[in-house]
Amino acid sequence: VEVLTLLQQLEIPLGLVTHASPNWTEFKLSSTGLKKFFAKIATIDDNGFKTGKEWKNSILGFGYEPSQVMVVGDNIKGDIQAAGSIGVRHLVWLDTAETWSLYHEGDIPNGTKVISRLEQLLDYE
């Protein structure tokens, strides 16, 4: 919450691209109080996987080009590789012990910043 609050204070628009149903996403964001931080929310079909196509459609739907955004994700294939494949230049992989082992599969693209806590985003160069 501290990181999201700071980013909001800095007027950095935040979007959320999630691999979950709209109802579950609404429940999670509302019950945790996190919904207020996201200007845009895109839900990707929870019966499939996030690919570059879904990332591109979401980013364009938010009003940005892939080259203009930073993607922070916990899934190497579904977040980092997929976003990188459509031209996202600023990639951050959140590597935590709580992340499912499936999300650790794949090669991390060159230039990807690896963090273990969201607070480390504040050190991004």
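A brief look at the structure comes next. What you are looking at is a predicted structure, and each value in this text was computed from that prediction instead of being measured. Every chain's residues receive numbers from 1 upward, in the order its sequence appears when written. Totals for whole chains, interfaces and linings use all residues, but because this is a predicted model, local features are given only for residues with pLDDT of at least 70 and pairs of side-chain atoms are given and counted only at 80 or more. Side-chain measures were taken over the full set of non-hydrogen atoms in the model, leaving aside hydrogen atoms and water.

### Some remarks on the overall build of the chain
We apply this condition: Working definition: helices are DSSP H or I runs of at least four residues, strands are E runs of at least two. Numbering for both runs from the N terminus. We take the radius of gyration over the C-alpha atoms and set the globule estimate at 2.2 Å times the residue count to the 0.38 power. Residue contacts follow a heavy-atom distance rule, with two residues in contact if any of their heavy atoms lie within 4.5 Å. For the accessible areas, the method is Shrake-Rupley and the probe is 1.4 Å, while residue cover comes only from the protein chains on display. We count Lys and Arg on the positive side and Asp and Glu on the negative side, and we leave His and both chain ends out. We put the charge of a Lys on NZ, of an Arg on CZ, of an Asp on CG and of a Glu on CD.
Along the backbone of the chain there are 4 helices and 5 strands. Counting from the amino terminus, helix and strand elements in the chain follow one another as α-β-α-β-α-β-α-β-β. On C-alpha atoms alone, the chain measures out to a radius of gyration of 14 Å, which is about the 14 Å that the 2.2 N^0.38 rule sets for 125 residues. Sequence separation of at least 24 residues holds for 46% of the intrachain contacts in the chain that already meet a minimum separation of 6. When the accessible surface of the chain is split by element, carbon and sulfur atoms take 52% of a total near 7,900 Å². Side-chain charges of the chain comprise 11 positive and 16 negative groups, with the mean position of each set lying 5 Å from the other.

### Structural notes on the environment of Phe38
As a reminder, the rule being used: The rule is simple: take the accessible area with a 1.4 Å probe, protein chains only, and divide by the maximum for that residue type; under 20% is buried, over 50% is exposed, in between is partly exposed.
Within the element layout of this structure, Phe38 appears in the loop between α2 (22-32) and β2 (40-43). Residue classification places Phe38 among the buried positions, given a relative accessible area of 17%. Phe38 sits 76 residues away from Val114 along the chain, and the two C-alpha atoms are 23 Å apart. The contact partners of Phe38, leaving out residues within four places of it in the chain, are Leu14, Gly15, Leu16 and Leu29.

### Considerations on the pattern of salt bridges
Basically, it comes down to this: A side-chain nitrogen of Lys or Arg and a carboxyl oxygen of Asp or Glu constitute a salt bridge if their distance falls within 4 Å.
A full pass over the atoms with the stated rule returns 4 salt bridges. Here Glu105 makes a salt bridge to Lys77, at a shortest N to O gap of 3.9 Å. Of this pair, Glu105 sits in the loop between β4 (90-94) and β5 (113-115) while Lys77 sits in helix α4 (residues 76-84), and the two are 28 residues apart along the sequence. Glu105 gets classed as partly exposed once you look at its relative accessible area, which sits at 38%.

### Quick word on helix α1 (residues 2-9)
The cut-off we apply is this: Here, the arc refers to the directions that run from the helix axis to the C-beta atoms.
Turning to α1, its buried residues number three or more, namely Val3, Leu4 and Leu7. Buried residues along α1 cover an arc of 100° about the axis, so they all sit on one side. Along α1, the residues that are exposed and aim more than 90 degrees away from the buried face are Glu2 and Gln9. Trailing α1 by a residue or two, Glu11 shows a phi angle of about 60°, which is positive.

### A few points about the nonpolar core
For clarity, the threshold we go by: To qualify as a nonpolar core, a set must consist of buried Ala, Val, Leu, Ile, Met, Phe, Trp, Tyr and Cys residues joined through side-chain atoms within 4.5 Å.
Formed by 15 residues in total, the largest nonpolar core has its most connected members in Val17, Trp55, Val71, Ala83, Val88 and Leu91. Of all the secondary structure elements, the ones that give two or more residues to this core are α3 (52-61), α4 and β4. Considering each element in turn, this core owes the most residues, 4 residues, to α4. Core analysis: the second largest hydrophobic core is formed by 8 residues, Leu4, Leu7, Leu16 and Phe37 among them.

Fair warning: the whole summary comes from geometry, so function is off the table for now.
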